[in-house]
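The primary structure of each chain is shown beneath.
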Amino acid sequence: TEPETQTAPPSPAQEKEKTQEASLLNTRLSERIRIEGQEVDYQSLEQRQAHYKVPGVSVAFMRNGQLAWTMESGVKDVTTKLAVDENTVFQAGSISKPAFAAVLMKYRQDNPIDLDTDVNNLLTSWQLPEHEWTGQEAVSLRRLLSHTAGTTVHGFPGYAAGEPVPTLQQVLEGTAPANTSAVVVDIKPGTQMRYSGGGTTLAQLALQDVANEPLPTMSQRLLFKPLGMTRSGYEQPISTNLSNNMATPYDGDGSPIKGGAHTYATLAAAGMWSTPSDMLKFASSVRSAYLGQNTDWISQATAQEMLTNNTPSIQPPNVGIGFFINMDDNGEILGFGHGGADAGFMSQLYIELDTGNGYAIMTNGNNGRQLITELEIRLKETLDVGYSEPEIKTLVPISQDELSQYIGTYAVTKPVIVDVVLEKTTNGFMLNALPYVENEKYFYEGEGLFFAKNGSSIRFEMDEENGLVEALVMDGNIRGERKE
C-alpha cells in the first residue's frame, strides 16, 4: 500500500475551478431527446427541478479517485424550506446492493464462505424451496449477487409509516405482511441475467445466518467505519444520528410520500441511507483496491472478483458482484456503478476505472431519474465523465388526416386507473393523463410510433378486422383501451 500523504489545502485557484465546474451543472440542461434541426430549449437546474417537481438534488464529483467538489440545489423539505447540504442523507435504493456485496466480500476475506456452493448449505433459518434445477445448478451467492441465479421479484416498494414490516423469511415466502410475492427460481441458474432484488434478499439472509450478526452492525464494522462513510447506514427506520439531516421523499406530482420515507425490510436490496460523497468513497475504494493502489480495506483479489463480469455474455447489462459493469466491445472494463430507486428517492453512482473520475447524484423526488439523466448528459458534455449523451431524433411528417385515427381517449386500468386523452398538434399530439402527466407533447417518428422529449414512447394497436386503432401502449408496458 502507498504511504499516506498529507494533502495540502486547496489553493484559491483550485477552489475557483471547483466552483466553476460545479456551476456548470446549474445551466444548459435539457431533455435527453432532442429533435434534429430544432433549437434546444436549454434551462437552469432550478427550472428543471420545478419541471420535474424534484425539491432537492445533491451531487458529488470525483477526479483521480479524490473527491473534487460537491454541489447542492433546492431543499430537503418543502415545508421547512431547509436547504440540502453535502451531509443531507437520502435513501440510496438499489445502490444498497453493491454496498451489501462489499460487506459480504470483506467478511469473506477473514471468514470462510463459499460463493459457489448452493445457498441452502449456508442458510440455517430458512431454506429455498426445491426447483427444477435443484442438484444440477447452484443458486449461489455469486449468482445471487450478479442477478444470474434465476430468482424472481424485481424490486420492493417498502412499507409506509404505521404499516407492519415483515421479516426476511416472510418476504422470501411472500406471506403477510409482505407486499411482494414469494421468491422462487424459475430460470435455470447461471444461464441469464435478470435483475432480482429477491435474490439479494436471499443473499442477505444467508450472510446473516453464517455470521450470526445483523446487516446494520456488520456494515458499520466492515464497510462504513473503515472507509469513513460517517453519513451512511442500513438502519430501517433511519438511525437517530442520520435523521437530523435527512431529505423528505416526494411523489411525481410534488406531494410528500404518504407517511414519509418508506421502511425497507430488505436492507441489502434497498435499505441504505447515504450521501453522494460517501457513495463515491466506497466506489473509489473498490477501484483503488482493484488497481492495487490501496488494499488497506479489501485486497486486490477481492476487488477484482467484484468487478469480474458474471453474466453469460459481454452483451450489456453486465454485472459483477453487486456492481453493474460498463464494458467496451472487447470486454474491457470502462467503469462501474449502480442506480437507485426507493419511494420518493432516485440516485445514481458511476466511476471510471482508468481515470478515477466519477459522480454520485441523489434526489428526493420520484421524477429524479429524468433529472439525473439530464445532469449526466451535462457532466459528459462539460467534464467528459460517464457515458450519457443526448439522443437525436428525426421528425417524420404526418398529415392531420392520418393523425385523426389516433386521437381520442384511452382507458388505462393498471398500474393506475386513468384516462389518457390525446389532442392533435401540428406533428403529433398533446397527452394528458391527470394527475400523472400534464400537457406532454409527443412527436411522430414514423411507423405508427410517437415519442416525447422526456424519453417516453407510444405505439398503437390496430383491430385487424376493421383497421381501426383499438389501444395505445405507452413505454412498452402501460396499455390503454380506446373509449368510444
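What you are looking at is a predicted structure, and each value in this text was computed from that prediction instead of being measured. (Residues numbered from 1 in each chain as written. Predicted model: local features only at pLDDT ≥ 70, side-chain atom pairs only at ≥ 80, totals over all residues. Heavy atoms only, no water.)

A count of helical and extended segments in the protein gives 13 helices and 19 strands. For 484 residues, the compact-globule formula gives about 23 Å, and the C-alpha radius of gyration of the protein, at 23 Å, lands near that figure. Projected onto its principal axes, the C-alpha coordinates of the protein cover approximately 70 × 65 × 50 Å. Considering the protein as a whole, with its 484 residues, one finds that 53% of them fall into the buried category. Of the roughly 21500 Å² that the protein leaves accessible, carbon and sulfur atoms contribute 48%. (Helix = DSSP H or I, 4+ residues; strand = E, 2+ residues; numbered from the N terminus. Rg over C-alpha atoms; globule rule 2.2 N^0.38 Å. Buried < 20%, exposed > 50% of the residue type's maximum accessible area, 1.4 Å probe, protein only. Areas by Shrake-Rupley, 256 points an atom, 1.4 Å probe, with all protein chains shown as cover.)

Within the secondary structure layout, Leu 422 lies in strand S13 (residues 418-425). Residue Leu 422 is classed as buried on the basis of its relative accessible area of 3%. The spatial distance from the C-alpha of Leu 422 to the C-alpha of Leu 222 is 54 Å, given a sequence separation of 200 residues. Every residue in contact with Leu 422, bar those within four places of it in the chain, is listed here: Tyr 406, Ile 407, Gly 408, Tyr 410, Phe 429, Met 430, Leu 431, Phe 460 and Leu 472. (Contact = heavy atoms within 4.5 Å.)

Here we come to the nonpolar core. Among the nonpolar cores identified, the biggest contains 84 residues, and Phe 100, Leu 141, Leu 202, Leu 223 and Phe 282 are the most heavily contacted of them. By residue number, the principal contributor to this core is helix H3 (residues 96-110), which donates eight residues. If you look at the next biggest cluster of nonpolar residues, it comprises 22 residues, including Ala 22, Val 54, Ala 68 and Leu 383. (Core = buried A, V, L, I, M, F, W, Y, C linked by side-chain atoms within 4.5 Å.)

The next point concerns the sheet that holds strand S14 (residues 428-433). Strands pair in a sheet through their backbones, by hydrogen bonds, and they do so in one of two ways: parallel or antiparallel. One closed barrel accounts for eight strands, arranged S12-S13-S14-S15-S16-S17-S18-S19; its pairing is antiparallel. Going from strand to strand, the sheet's axes swing by 30° on average, the running direction of each strand aside. (Pairing = 2+ DSSP bridges. Axes fitted to C-alpha atoms, helices over the stretch in contact; angles between N-to-C directions.)

Per the counting criterion, the structure on display carries 20 salt bridges. Of the charged contacts in the structure, one is a salt bridge between Lys 281 and Asp 278, with a shortest N-O distance of 3.6 Å. Note that Lys 281 and Asp 278 are positioned in helix H10 (residues 276-290) at a spacing of three residues, about one turn of the helix. For Lys 380, the salt bridge goes to Asp 384, with nearest N and O atoms at 2.8 Å. Ionic contacts of the salt-bridge type, sharing partners, join the residues Arg 32, Glu 391, Lys 393 and Glu 445 into one network. (Salt bridge = Lys/Arg side-chain N within 4 Å of Asp/Glu carboxyl O.)

Residues of strand S7 (residues 324-327) alternate between two faces, with Ile 325 and Met 327 buried on one and Phe 324 and Asn 326 left unburied on the opposite face. Where strand S6 (residues 318-319) meets S7, two bridges bridge the pair, whose relative direction is antiparallel. Looking across to S7, one finds that Asn 318 is bridged to Ile 325. In sequence, S6 turns back onto S7 through a hairpin of four residues, with Gly 322 there showing a positive phi of about 95°. In sequence, S7 turns back onto strand S8 (residues 333-342) through a hairpin of five residues, with Gly 331 there showing a positive phi of about 85°.

With an omega of 5°, the peptide bond running from Pro 316 to Pro 317 counts as cis. Assignment of secondary structure puts Pro 317 in the loop between helix H11 (300-306) and S6. Between Lys 414 and Pro 415 the backbone carries a cis peptide bond, its omega angle lying at 10°. Counting through the fold element by element, Pro 415 comes out in the loop between strand S12 (409-412) and S13.

Taking 1.5 Å per residue, 15 residues should reach 21 Å; H10 reaches 21 Å between its end C-alpha atoms and fits that length. With 14 of 15 residues buried, H10 lies mostly within the body of the structure. One or two residues past the end of H10 sits Gly 292, with phi positive at roughly 75°. (Expected span 1.5 Å × (residues − 1).)

Here we take up the packing of helix H2 (residues 45-52) against helix H12 (residues 368-383). Look at H2 against H12: their axes get within 9 Å of each other, and the N-to-C directions meet at 155°. Here H12 runs roughly antiparallel to H2, going by the angle between their axes. Taken as a pair, H2 and H12 cross one another with a handedness that is right-handed. Here Leu 45, Arg 48, Gln 49 and Tyr 52 of H2 lie close against H12, whose contacting residues are Gln 370, Leu 371, Glu 374 and Leu 375. In terms of residue class, the contact of H2 with H12 is built from four nonpolar, two polar and two charged. (Parallel < 35°, antiparallel > 145°, perpendicular 65-115°, else oblique. Left-handed = near helix turned anticlockwise from the far one by under 90°. Nonpolar A, V, L, I, M, F, W, Y, C, P; charged D, E, K, R; others polar.)

Another point: the packing of aromatic side chains. Tallied over the full model, the rule gives 18 aromatic pairs. Judged by centre distance (6.1 Å) and plane angle (20°), the rings of Tyr 195 and Phe 324 are stacked. Placement of Tyr 195 in the loop between helix H5 (168-173) and helix H6 (197-211) and of Phe 324 in strand S7 is noted, with a sequence separation of 129 residues between them. For Phe 324, a relative accessible area of 23% gives the class partly exposed. Ring geometry for Tyr 406 and Phe 450: centres 5.3 Å apart, planes at 75°, overall edge-to-face. (Phe/Tyr/Trp six-rings, centres within 6.5 Å; stacked < 30°, edge-to-face > 60°.)

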